[in-house]
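Commentary on secondary and tertiary structure
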Amino acid sequence: YAGFPNQHLGENPKTGIDCFNLCRYVFQQELGIDIPLASHDFCNIVDDDWFQKTNEPLFETGAQTVRDDFSWIKVTSLKPFDILTMSFGSTNITNHCALYVDKDRLLQIMMGKPSWIGPYGRYYKQYTTGMYRWKSLNN
């Protein structure tokens with residue numbers, strides 16, 4: 001899953017995909033789980049500087065306003081396929097997510113960079129706003 005091009009609100013790993021839709025894609029490919037939402041359900045800001053302009057905790061609350069049956073379970077220790085949410089920039093709200101792989105490594109994609117697997121170390125931990133597990137994986 002490394003090397004996919006980034007595109008804000010993109011859903012296609014060949015032409016461009018964003019962080020949440022990358023997580024959705026891996027869930028579908030690896031686990032056969034279809035997450036019923038896409039990034040556009042959380043974020044309607046189309047411009048590339050969207051992450052500096054959002055003011056609402058979209059991941060934490062946006063999904064529940066769209067779908068009542070959508071639920072992530074907040075966790076305190078990580079397992080593969082857990083979602084890490086982060087806050088970058090000056091907004092102090094969640095505006096990025098990554099997929100925990102294992103052994104303090106995560107899969108992520110950011111503006112201007114293709115997807116990659118890298119360490120989940122001090123830098124990313126300081127920006128982490130939450131750790132979530134898809135409800136059916138909580139055992």
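Residues numbered from 1 in each chain as written. Predicted model: local features only at pLDDT ≥ 70, side-chain atom pairs only at ≥ 80, totals over all residues. Heavy atoms only, no water.

In this section: the packing of aromatic side chains. Going through the model one piece at a time under the given rule, you end up with 9 aromatic pairs. Aromatic side chains phenylalanine 27 and phenylalanine 81 sit 6.1 Å apart centroid to centroid with 80 degrees between the ring planes, which places their arrangement in the edge-to-face category. Taken together, the residues span a long stretch of sequence, with phenylalanine 27 in helix H1 (residues 19-31) and phenylalanine 81 in the loop between strand S3 (72-74) and strand S4 (83-86) at a distance of 54 residues. For phenylalanine 27, a relative accessible area of 0% corresponds to the buried category. On the basis of relative accessible area, phenylalanine 81 is assigned to the partly exposed category, the value being 22%. An angle of 80 degrees between the planes, with centres 5.0 Å apart, marks the rings of tyrosine 123 and tyrosine 124 as edge-to-face. Judged by its relative accessible area of 46%, tyrosine 123 is partly exposed. A relative accessible area of 14% places tyrosine 124 in the buried class. The rings of Phe88, Tyr123, Tyr124 and Tyr127 are connected pair by pair, giving a single aromatic cluster. (Phe/Tyr/Trp six-rings, centres within 6.5 Å; stacked < 30°, edge-to-face > 60°. Helix = DSSP H or I, 4+ residues; strand = E, 2+ residues; numbered from the N terminus. Buried < 20%, exposed > 50% of the residue type's maximum accessible area, 1.4 Å probe, protein only.)

A word on the nonpolar core. Core analysis: the biggest nonpolar cluster contains 20 residues, and Leu22, Phe27, Ile35, Trp72, Ile83 and Leu99 have the highest contact counts within it. Mapped by element, the contributors of at least two residues to this core are H1, strand S5 (96-102) and strand S8 (128-134). A per-element tally of this core places H1 first, with 6 residues. Counting residues in each nonpolar core, the second largest holds 11 residues, with Leu84, Phe88, Met110 and Tyr120 among its members. (Core = buried A, V, L, I, M, F, W, Y, C linked by side-chain atoms within 4.5 Å.)

This part covers the sheet that holds S3. The strand order across the open sheet formed by 6 strands is S3-S8-S4-S5-S6-S7, and the pairing between neighbours is antiparallel. The sheet terminates laterally at S3 and strand S7 (116-119), the two strands that pair on one side only. Strand-to-strand, the axes of this sheet are offset by a mean angle of 40 degrees, without reference to chain direction. As judged from the 3 bridges shared by S5 and strand S6 (residues 105-108), these two strands associate in the antiparallel manner. Bridging from a neighbouring strand, tyrosine 100 pairs with leucine 106 of S6. Each of S3, S4, S5, S6 and S8 touches H1; the most contacted strand, S5, lies at about 35 degrees to it. (Pairing = 2+ DSSP bridges. Axes fitted to C-alpha atoms, helices over the stretch in contact; angles between N-to-C directions. Contact = heavy atoms within 4.5 Å.)

What follows covers the environment of histidine 40. Within the secondary structure layout, histidine 40 lies in helix H2 (residues 39-42). On the accessibility criterion, histidine 40 (44% relative accessible area) is partly exposed. Separated by 31 residues in sequence, histidine 40 and leucine 9 have C-alpha atoms that sit 6.0 Å apart. Beyond its immediate sequence surroundings of up to four residues, histidine 40 is in contact with Leu9 and Glu11.

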